[in-house]
Amino acid sequence: MSAKPCWGMLTLASAGLLGACQSSPATHYFVLTEIAPTAALAPLLTQVPIRVERITLAGELDRLELVRRGTSNRLQIAAFDRWAAPLDDMIRRVVTADLAMRSASGTMASANEPAVGEPRRHLYIDIHEFAGDEHGVVTLHAAWLLQTPDAASARGTEAVAIEASDGTADALATAMSRALADLSDRIAVALAPHLGSAKSE
């Protein structure tokens, strides 16, 4: 005798799979944005534009998912809250725009220009920490290096802490944008004494 298909079980299984698909959370995508300075700063001015070069991220941060710091050295990876572009690329674009708003016209070279051509000062940023914690506080630890043609380089380290308005991914992304603006404020102040009139690569 041939076995008869159990249509009832198949129907229930199909319904269960469909229900699981329909109940999956939607994926949300976030961007970082530039923010104008909140206090008057002496604008950067240089005859050789500054180009923000490579942004180096700690390995655990270099991912499309948003990362939160948990307790006991744990990371929380938000599977359905993602960056709309690679995080290092967004940071480079936003920091370039933030510094441009803190500088005289022509001080900052476009983040999209080729890496060779006209003389440039080169700004490198190494980010060791850039995430929110379980309390909604975003911490940014970064080291930066400005290389100037035929002149001594300048370098510094910065530690920024910004409290998000709440624990949502929207608030986290906003606080991270504010942290980059704060970092840009500090870099602008630190760079001002080092900007002269170097003429060549």
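Above this text you will find the structure in question.
Residues numbered from 1 in each chain as written. Predicted model: local features only at pLDDT ≥ 70, side-chain atom pairs only at ≥ 80, totals over all residues. Heavy atoms only, no water.

Peer 1: Is there a simple way to explain the side chain of R51 in this structure?
Peer 2: Within the fold, R51 resides in strand β2 (residues 50-57). Classification of R51 as buried rests on a relative accessible area of 6%. Polar contacts involving the side chain of R51 include one to the main-chain carbonyl oxygen of E113, which spans 2.6 Å. (Helix = DSSP H or I, 4+ residues; strand = E, 2+ residues; numbered from the N terminus. Buried < 20%, exposed > 50% of the residue type's maximum accessible area, 1.4 Å probe, protein only. Polar contact = N/O pair within 3.5 Å; in protein donor to acceptor, adjacent residues only side chain to side chain.)

Peer 1: When you look at the environment of T157 in this model, what are you seeing that I'm missing?
Peer 2: If you trace the backbone, T157 turns up in strand β7 (residues 154-163). In the structure, T157 is positioned 15 residues away from A142 in sequence and 5.7 Å away in space, judged by C-alpha atoms. Ignoring anything within four residues of it in the chain, the contact list for T157 reads A142, A143 and W144. (Contact = heavy atoms within 4.5 Å.)

Peer 1: What's the story with the environment of S24 in this structure? I'm lost.
Peer 2: The topology assignment puts S24 in the loop between α1 (7-23) and β1 (28-30). Residues S24 and F80, 56 residues apart in the sequence, show an inter-C-alpha distance of 9.5 Å.

Peer 1: Looking at this structure, I do not really get the pattern of salt bridges. What am I missing?
Peer 2: If the charged atoms of two oppositely charged side chains come close together, the side chains can form a pair. Here the structure, examined in full by the defined rule, presents 10 salt bridges. Between E113 and R51 there is a salt bridge, with the nearest N and O atoms lying 3.6 Å from each other. Taken together, the residues span a long stretch of sequence, with E113 in the loop between α2 (87-100) and β5 (121-133) and R51 in strand β2 at a distance of 62 residues. Residues E129 and R69 are paired through a salt bridge, measuring 2.9 Å at the closest nitrogen-oxygen approach. In this pair, E129 sits in strand β5 while R69 sits in strand β3 (residues 65-69), placing the two residues 60 residues apart along the sequence. (Salt bridge = Lys/Arg side-chain N within 4 Å of Asp/Glu carboxyl O.)

Peer 1: Would you mind showing me how to read the side chain of R102 here?
Peer 2: Positionally, R102 belongs in the loop between α2 and β5. Its relative accessible area of 3% is what places R102 among the buried residues. One polar contact links the side chain of R102 to the main-chain carbonyl oxygen of D98, over a distance of 2.7 Å.

Peer 1: Explanation requested: α2 in the structure shown.
Peer 2: Quick reminder: α-helices carry 3.6 residues per turn. Residues three or four places apart thus point the same way. With 14 residues, α2 extends 20 Å from end C-alpha to end C-alpha; this agrees with the ideal 20 Å at 1.5 Å per step. Buried within α2 are the following residues: L87, M90, I91, R92, V94, V95, T96, D98 and L99. Lining the buried residues of α2 we find β1, β2, β4 (75-83), β5 and α3 (169-191). (Expected span 1.5 Å × (residues − 1).)

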